[in-house]
Amino acid sequence: ERIVVLPYWLAEEPTHRLKVILDPGPTFGTGAHPSTQMVMEVMETVVKPGFHCLDLGSGSGILSIAAVLLGAESAVGVDIDAQSVKTARENAELNSQSGKTEYIGGDLADKVSGKFNVGCANSVADVVIRLLESVRDYMAENAVLLVSGIIDAREQDVLLAAEKHGFTVKEKQYKDNWCAFALI
């Protein structure tokens, strides 16, 4: 309701919403996929001024850019793909958010430090399940972890892994054959 994603060639289109301007290049994250849309919808309700966001598998940078546009003080994106890191940095620049965003190439455990109020991971179920094992180390007290990219056939696998690692489901969303969860 508060965000609209526009390709860079439509950046000047008038709108009352916050604009996330993207040139996705070859990376994931155009805003058109239901999994991305669901994460952004929940972000609108959980991101507060002063928050710090961790974007796991940042792709185009869409989620971290949206977080700072929604009021987060900062966002760190991490991705194992060097092209995604480059694209995310370019997209942060397109949105005048380079000073509030940082993009790191490599593995989460090797590259990221600190505590975050909001984490987001829009990936496939197996990656989300693997992240659930260690992401708690990066979450501040009362943090929310938004996970998406989960095909409905894998919903229970992710929910069982979340429970195993001490997460509670705060919210569930469904769109087409995709699931997204807000975990605390």
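Look above for the structure.
Only a predicted model underlies this, so the values are computations on that prediction, with no experimental measurement involved.

**As for helix α6 (residues 155-164)**
Part 1 of the argument: Taken as a whole, α6 has its buried residues at Glu155, Val158, Leu159, Ala161 and Ala162. Around the axis of α6, the buried residues are gathered within 160° of arc, so they sit on the same side. Turned more than 90 degrees away from the buried face of α6, the exposed residues are Leu160, Glu163 and Lys164.
Part 2 of the argument: Buried residues in α6 make contact with α5 (125-132), β7 (139-151), β8 (169-175) and β9 (178-183).
Part 3 of the argument: The first or second residue beyond α6 is Gly166, which carries a positive phi of 85°.

**Details of the environment of Ser84**
Part 1 of the argument: Counting through the fold element by element, Ser84 comes out in helix α3 (residues 82-94).
Part 2 of the argument: Spatially, the C-alpha atom of Ser84 lies 7.2 Å from that of Ser58, the residues being 26 residues apart in sequence.

**Examining unusual backbone geometry**
Part 1 of the argument: Even without a glycine there, the phi angle at Asn142 is positive, about 65°.
Part 2 of the argument: Along the polypeptide, Asn142 turns up in strand β7.
Part 3 of the argument: The phi torsion at Asp176 lies on the positive side, around 55°, for a residue other than glycine.
Part 4 of the argument: With respect to the helices, strands and loops of the structure, Asp176 is situated in the loop between β8 and β9.

**Focus: the sheet that holds β9**
Part 1 of the argument: Pairing is mixed in the open sheet, where seven strands are placed in the order β5-β4-β3-β6-β7-β9-β8. Edge positions in the sheet fall to β5 (101-105) and β8, since each has one partner strand and no second. With direction set aside, neighbouring strand axes in the sheet form an average angle of 15°.
Part 2 of the argument: One ladder, built from five bridges, connects strand β4 (residues 74-79) with β5; its direction is parallel. Bridged to Gly77 within β5 is Tyr103.
Part 3 of the argument: Contacts between α3 and the sheet are confined to β4 and β5, with β5 contributing the most and set at about 170° to the helix.
Part 4 of the argument: Across the face of the sheet, α6 comes into contact with β7, β8 and β9 while running at roughly 15° to β9.

**A closer look at the packing of α5 against α6**
Part 1 of the argument: The contact between α5 and α6 brings their axes to 9 Å, and the two run at 5°. Of the possible angle classes, the one that applies to α5 and α6 is roughly parallel. On α6, the residues touching Ala125, Val128, Ile129 and Leu132 of α5 are Asp157, Val158, Ala161 and Ala162.
Part 2 of the argument: In terms of residue class, the contact of α5 with α6 is built from seven nonpolar, no polar and one charged.

**Considerations on the pattern of salt bridges**
Part 1 of the argument: Applying the stated criterion across every chain, the model contains four salt bridges.
Part 2 of the argument: Across the pair Lys175 and Glu41 runs a salt bridge, and its minimum N-O distance is 3.0 Å. In this pair, Lys175 is assigned in strand β8 and Glu41 in helix α1 (residues 34-46), connecting sequence segments 134 residues apart.
Part 3 of the argument: With a shortest N-O distance of 2.6 Å, Asp157 and Arg154 are connected by a salt bridge.
Part 4 of the argument: Given a relative accessible area of 24%, Arg154 falls into the partly exposed group.
Part 5 of the argument: Three or more residues joined by partner-sharing salt bridges are found here, namely Asp126, Arg154 and Asp157.

Quick notes on the rules
- Residues numbered from 1 in each chain as written.
- Predicted model: local features only at pLDDT ≥ 70, side-chain atom pairs only at ≥ 80, totals over all residues.
- Heavy atoms only, no water.
- Buried < 20%, exposed > 50% of the residue type's maximum accessible area, 1.4 Å probe, protein only.
- Helix = DSSP H or I, 4+ residues; strand = E, 2+ residues; numbered from the N terminus.
- Arc of directions from axis to C-beta.
- Contact = heavy atoms within 4.5 Å.
- Pairing = 2+ DSSP bridges.
- Axes fitted to C-alpha atoms, helices over the stretch in contact; angles between N-to-C directions.
- Parallel < 35°, antiparallel > 145°, perpendicular 65-115°, else oblique.
- Nonpolar A, V, L, I, M, F, W, Y, C, P; charged D, E, K, R; others polar.
- Salt bridge = Lys/Arg side-chain N within 4 Å of Asp/Glu carboxyl O.

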